[in-house]
Amino acid sequence: MNYRHLYHAGNFADVVKHATLARVLAYLARKSAPYRVIDTHAGIGIYDVLADEAERTGEWRDGIGRILQTPPEGGIAELLAPYFSVVSAINPGPELSAYPGSPEIARHLMRKTDRLTLVEKHPRDFETLAALYRPDRRIKTVELDGWLALGAFVPPKEKRGLVLVDPAFEEPGEFDRLASGLIAAHKRWPTGIYCAWYPAKDATAVAGLAAALVGADIRDILQIGFAVDEPQAVGPLAACGMVLINPPWTLGDDLRTVLPWFADRMARGRAGWSVDQIVPE
Ligand code: SAM
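Residues numbered from 1 in each chain as written. Predicted model: local features only at pLDDT ≥ 70, side-chain atom pairs only at ≥ 80, totals over all residues. Heavy atoms only, no water.

Asks: Explain the overall build of the protein chain here, please?
Replies: In terms of helices and strands, the protein chain carries 10 helices and 10 strands. Whereas a compact globule of 281 residues would reach a radius of gyration of roughly 19 Å, the protein chain reaches 17 Å, a difference of no more than 12%. In terms of principal-axis extent, the alpha carbons of the protein chain reach across some 45 × 45 × 40 Å. Across the 281 residues of the protein chain, 56% fall into the buried class. Taking the contacts inside the protein chain whose residues are at least 6 apart along the sequence as the reference set, 77% of them involve residues at least 24 apart. Positive and negative side-chain charges of the protein chain, numbering 31 and 35 respectively, have mean locations separated by a distance of 8 Å. (Helix = DSSP H or I, 4+ residues; strand = E, 2+ residues; numbered from the N terminus. Rg over C-alpha atoms; globule rule 2.2 N^0.38 Å. Buried < 20%, exposed > 50% of the residue type's maximum accessible area, 1.4 Å probe, protein only. Contact = heavy atoms within 4.5 Å. Lys, Arg positive; Asp, Glu negative; His and termini not counted. Charge placed at Lys NZ, Arg CZ, Asp CG, Glu CD.)

Asks: When you look at the packing of aromatic side chains in this model, what are you seeing that I'm missing?
Replies: Two descriptors summarise a pair of aromatic rings, namely the distance from one centre to the other and the angle between the planes of the rings. Counted by the stated rule, this structure contains seven aromatic pairs. Taking 6.0 Å as the distance between ring centres and 50° as the angle between the ring planes, the aromatic pair formed by Trp 261 and Phe 262 counts as tilted. This pair shows no difference in class: Trp 261 is buried, exactly as Phe 262 is. Ring-pair connections join several aromatic residues into one group, and the members of that group are Phe 169, Phe 175, Trp 197 and Tyr 198. For the cation-ring pair, Lys 17 lies above Trp 197, with the distance from its terminal atom to the ring centre recorded as 5.1 Å. (Phe/Tyr/Trp six-rings, centres within 6.5 Å; stacked < 30°, edge-to-face > 60°. Lys NZ or Arg CZ within 6 Å of the ring centre and 35° of its normal.)

Structural data, given as structure tokens:
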């Protein structure tokens with residue numbers, strides 16, 4: 001396990017992932033019944049963007065750094081308000097020094113009765129994560145393989161909720177594991193929302209994931225793609241995607257509004273985006 005998210009925290013892919021996550025959580029908060037979030041590859045929760053590792057790649061400067069340079073207005077500002085509320089909550093000063101990971105976004109947006117399960121396998125990252133969230137009784141942190149967690153913690157006792165699967169993609173076969181893990185979890189909890197992120201470096205692997213999900217007995221799947229430049233098989237990440245099962249019905253249109261704005265701001269070359277309902281409701 002060599003992957004450390006600190007090198008990448010706040011990059012373009014995180015911005016897309018976390019703004020989407022915040023939209024889903026804002027939607028879940030519209031009903032009073034409690035929900036559960038299960039984050040199978042949680043990371044450390046909050047990232048110090050001024051740390052050596054983050055500064056060495058400088059990825060956050062071309063991601064959240066560029067987004068904060070020109071704040072959005074009107075409808076885009078409204079859609080991004082939940083995401084920005086978390087970024088500002090952990091950055092009291094005018095300059096960005098901390099970037100929220102998925103655990104912090106969920107913690108900030110959840111209510112008293114909602115619950116959050118955070119799973120992380122890297123021993124040192126787990127320690128950091130557990131220390132940060134130990135005081136919060138709504139949150140359970142678990143040192144475990146996220147793929148096992150997908151089997152062990154789904155379905156939760158709550159009727160509503162979200163499973164975020166955000167692996168490091170450093171081991172071979174993770175696209176296949178993602179497809180089979182989502183299909184198996186959906187069988188056990190068909191009403192849950194599932195949100196999975198992937199790098200778009202290998203077009204065959206991405207197509208294989210979509211084909212496996214389309215071929216499974218699952219309704220209502222949204223796929224999004226986002227690129228800051230032509231996708232490349234090697235070199236720095238230029239494109240990513242997400243698949244969402246049972247997305248909030250408003251999410252497709254929300255993202256059709258927000259992603260072009262993101263693409264304009266974070267483009268390095270030929271940027272682009274897509275939002276496709278690959279399986280109807
Ligand atoms: N979800 C986080 C966020 O949005 O802030 C970022 C997660 S990062 C892309 C992937 C994380 O998965 C890393 O923290 C890595 O240590 C962890 N990891 C790698 N293999 C794992 C496994 N088999 N089970 C659980 N966590 C794993």
